Amino acid sequence: SPVNYKRGVEKKFKEQAFFIEQEYNIPIEVHNAMELFATIAYWEGEDKITLYDKTQGPKSTQSTIARTFGLVDKNVRVIAENVGGGFGSGLRSWPHVVATCLAAKKINRPVKLVLTRPQMFTMVGYRPQSWQKIGIGADAAGNFMGISHEAISNTSKYEDFREGIVDASKFLYACENVDTKYSILPLDLSTPIWMRGPGEATGCFALESAIDELSYKLKMDPIQLRIKNFTTVNPENKLPFSDINLKDCYAYGMEKIGWKNRSMIPGAVKENGMLIGYGMSVGVFGAGKGVASVRIVLSNEGKLLLECAVSDMGPGTTTSMTKIAAEAMQMPIQKIKFKLGDSDLPPGPSQGGSGTTSTVGSAVDLACKTVQQKLKELAIQFAPAFKTMAADTLEVKNEMVLSKSDNNTKIDITALLKLAGQEKIDLTITSNGKTAAQLKYTSNSFSAHFVKLAVNPKDGAIKILNVVTTGDAGKIVSPKTARSQMIGGVVGGIGMALTEKLEFDHNTGQITNASFGAYHVPLHSQIPATDVWFVNKPDVNMNEIGAKGIGEIALIGFAAAVANAVYNATGKRVRDLPITPDKLGYKTSKA
């Protein structure tokens with residue numbers, strides 16, 4: 001049964017002076033992390049098992065295995081110190097994990113199972129195939145008067161998998177009349193799963209292509225058209241965005257990509273005999289803050305240990321968390337260790353949906369502040385110089401407790417703990433979801449992607465020359481790993497736009513390209529010089545640390561920037577991914 005949404009008048013776009021209505025198709029795409037899925041299972045007793053597993057959620061795998069085998073959670077230990085790539089494929093436990101546990105039970109020995117590369121195409125999820133239809137209409141000034149977005153994606157016969165394909169169309173731009181319809185179609189395939197930028201990556205390809213198409217009808221610059229329909233209030237839930245700095249992203253990207261050299265007439269710009277095109281698009285993803293617990297241990301040697309059962313599949317969780325702790329404690333990062341990847345540690349979220357830094361980071365921040373409070377109390381209790389002082393007149397920094405008004409009244413943390421006869425301070429702190437004040441806002445991360453590319457007029461070969469990708473994701477905690485996330489999104493986005501597609505033999509139902517040789521992910525030579533830029537403004541209405549997610553927005557929308565640039569270069573609009581020379585009207589020679 002379809003999920004319908006409507007505000008204002010349905011299909012209002014058709015009444016407008018300027019409108020477009022088009023269909024967009026995306027084939028099945030596969031995560032294809034280089035590291036294969038692998039599991040080691042070892043039964044330590046009749047009802048006690050330890051698993052080493054490639055999973056994005058140690059706690060979620062623990063609960064899946066506990067439920068499957070009728071065990072109590074604490075008797076299932078899941079260790080996932082290194083995940084390798086995930087992109088969403090590790091967000092649930094696939095049948096091979098259960099099979100490993102069964103085999104280990106049967107022979108009463110540890111069992112290791114590693115999937116083959118072809119199995120990575122069939123057994124661990126994929127981005128579902130989707131069909132979308134978007135209608136969008138504007139008045140002569142470019143104000144959006146109506147948006148209609150319909151989508152169908154596939155699921156398996158035995159499970160209903162849904163994702164937010166039509167969601168961005170409901171709120172990304174100011175528009176009073178919006179209707180969406182989303183249906184799932186069960187097919188004889190395995191179940192899909194979230195794939196980086198789940199739902200929104202699919203939906204923003206259609207939405208951001210459609211806006212570009214409308215801009216040509218209006219004879220209006222596509223960035224100006226987006227600015228015209230910019231909103232600081234989410235039109236779907238009527239709440240103000242906790243922060244939105246897309247205009248800063250537009251300004252930076254236009255400048256750096258050389259947008260002034262773009263022509264409104266497709267095919268008008270040439271360089272070295274090549275057709276040159278400029279395109280841009282926007283990405284958006286929800287910025288959440290969930291519940292997480294962190295154990296914090298401050299030893300009387302002045303070392304700080306933090307622990308949480310979260311995983312790290314590449315964004316550099318360990319780096320971000322030690323940086324957040326170093327800032328909160330005002331102490332050297334070298335003395336801080338963050339431990340993760342083990343379900344025995346205090347519960348943390350699965351790593352997916354761009355929520356780890358916000359959720360676990362908020363818990364780390366709170367844990368540090370709680371330890372600082374404890375240190376102030378110990379100083380007042382045990383250090384004579386602080387006896388008459390109130391805790392709020394003290395501060396903790398540079399590994400000391402000191403009086404805010406008199407810098408000479410101070411004691412170093414290690415000396416204080418020894419004085420108090422404490423080997424360590426050891427606490428487990430839980431940080432909850434959003435506070436009442438934070439719930440007055442709606443939170444998202446945003447991105448704007450800019451592409452300059454060349455199309456060879458002889459054979460239709462597409463070469464991306466330059467990429468500028470910008471993120472509005474609150475405070476950037478770890479600039480180096482954040483930049484890496486954005487570049488990863490560009491790589492995945494180029495694959496989505498130009499090369500990736502699962503191929504089937506419809507006579508046998510077999511996948512014909514289940515290998516790295518035949519399923520084409522981008523090569524190094526296809527990734528151009530990429531300029532990554534962040535607004536880097538703390539979103540103080542979102543959480544205490546002001547940081548929002550990056551992983552999803554890095555990819556969301558990117559494929560549309562490429563499609564829009566291809567149209568700008570050639571005048572050919574490709575609405576069926578991937579964009580290949582034959583779709584631009586060139587005959588492909590079969591070698």
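Quick caveat, the model's predicted, so the values are computed rather than measured.

Enquirer: Explain the overall build of the chain to me, using residue names and the numbers behind them.
Expert: For the chain, the count of helices and strands is eleven helices and 23 strands. The globule rule puts the C-alpha radius of gyration for 591 residues at 25 Å, and the 26 Å found for the chain is close to it. With the principal axes as the frame, the chain shows a C-alpha extent of 80 × 65 × 50 Å. For the chain, with 591 residues in total, the buried portion stands at 55%. Contacts spanning at least 24 positions in sequence make up 78% of the contacts within the chain whose residues lie at least 6 apart. As displayed, the chain has an accessible area near 24,500 Å², and 52% of this comes from carbon and sulfur atoms. Here the chain holds 67 positive side-chain charges and 57 negative ones, and the gap between their average locations is 2 Å.

Enquirer: Tell me what's going on with the layout of surface pockets, and back it up with residues and numbers.
Expert: The calculated volume of the second largest pocket comes to roughly 440 Å³. As for the second largest pocket, its lining consists of 24 residues, and the residues nearest its centre are Ile28, Gln129, Leu502, Phe504 and His506. Listing elements by their share of the lining of the second largest pocket, those giving two or more residues are strand S2 (18–26) and strand S21 (504–505). The residue makeup of the lining of the second largest pocket, split by class, is eleven nonpolar, seven polar and six charged.

Enquirer: Account for the environment of leucine 187, with residues named and values stated.
Expert: Tracing the backbone shows leucine 187 in strand S9 (residues 178–187). For leucine 187, a relative accessible area of 29% corresponds to the partly exposed category. Expressed as a C-alpha distance, the spacing of leucine 187 and glutamine 56, which sit 131 residues apart in the sequence, is 27 Å. When near neighbours in sequence (up to four residues on either side) are disregarded, leucine 187 contacts Asn154, Thr155, Ser156 and Lys157.

Enquirer: Describe helix H11 (residues 558–570), with residues and values.
Expert: Taking 1.5 Å of rise per residue, 13 residues should cover 18 Å, and H11 covers 19 Å from first to last C-alpha, within 8% of that figure. Burial analysis of H11 places twelve of its 13 residues in the buried class, which makes it a mostly covered element. Regarding H11, the residues found buried are Phe558, Ala559, Ala560, Ala561, Val562, Ala563, Asn564, Ala565, Val566, Tyr567, Asn568 and Ala569. The inward-facing, buried residues of H11 contact helix H4 (200–218), helix H5 (222–228), strand S11 (274–286), strand S19 (444–455), strand S20 (462–472) and helix H10 (479–498). After H11 finishes, the residue glycine 571 shows a positive phi value of roughly 80°.

Enquirer: So, the nonpolar core: which residues are in play, and what are the values?
Expert: Core analysis: the biggest nonpolar cluster contains 84 residues, and Ile136, Phe144, Val451, Leu453 and Val562 have the highest contact counts within it. Excluding residues that lie within four positions of it along the chain, valine 562 makes contacts with Val451, Leu453, Ile464, Ala497, Leu498 and Ile579. Grouped together as the second largest cluster of nonpolar side chains are 42 residues, Leu298, Ile413, Leu416 and Ile545 included.

Enquirer: Would you mind going over H10 in detail, with residue names and values included?
Expert: With 20 residues, H10 should reach 28 Å at 1.5 Å per residue; the first-to-last C-alpha distance of 29 Å fits that figure. Listed as buried for H10 are Thr481, Ala482, Gln485, Met486, Gly489, Val490, Gly493, Ile494, Gly495, Met496, Ala497 and Leu498. Those residues of H10 that are buried lie in contact with S2, H4, S20, strand S23 (529–534) and H11.

Cut-off values and rules
- Residues numbered from 1 in each chain as written.
- Predicted model: local features only at pLDDT ≥ 70, side-chain atom pairs only at ≥ 80, totals over all residues.
- Heavy atoms only, no water.
- Helix = DSSP H or I, 4+ residues; strand = E, 2+ residues; numbered from the N terminus.
- Rg over C-alpha atoms; globule rule 2.2 N^0.38 Å.
- Buried < 20%, exposed > 50% of the residue type's maximum accessible area, 1.4 Å probe, protein only.
- Contact = heavy atoms within 4.5 Å.
- Areas by Shrake-Rupley, 256 points an atom, 1.4 Å probe, with all protein chains shown as cover.
- Lys, Arg positive; Asp, Glu negative; His and termini not counted.
- Charge placed at Lys NZ, Arg CZ, Asp CG, Glu CD.
- 1 Å grid on protein atoms, 1.4 Å probe; cavity = no way out; pocket = protein on both sides within 12 Å on 5 of 7 lines; lining within 4 Å.
- Points joined across faces, edges and corners; volume = space filled by probe spheres on them.
- Nonpolar A, V, L, I, M, F, W, Y, C, P; charged D, E, K, R; others polar.
- Expected span 1.5 Å × (residues − 1).
- Core = buried A, V, L, I, M, F, W, Y, C linked by side-chain atoms within 4.5 Å.

Taken by themselves, the reported measurements are silent on function.
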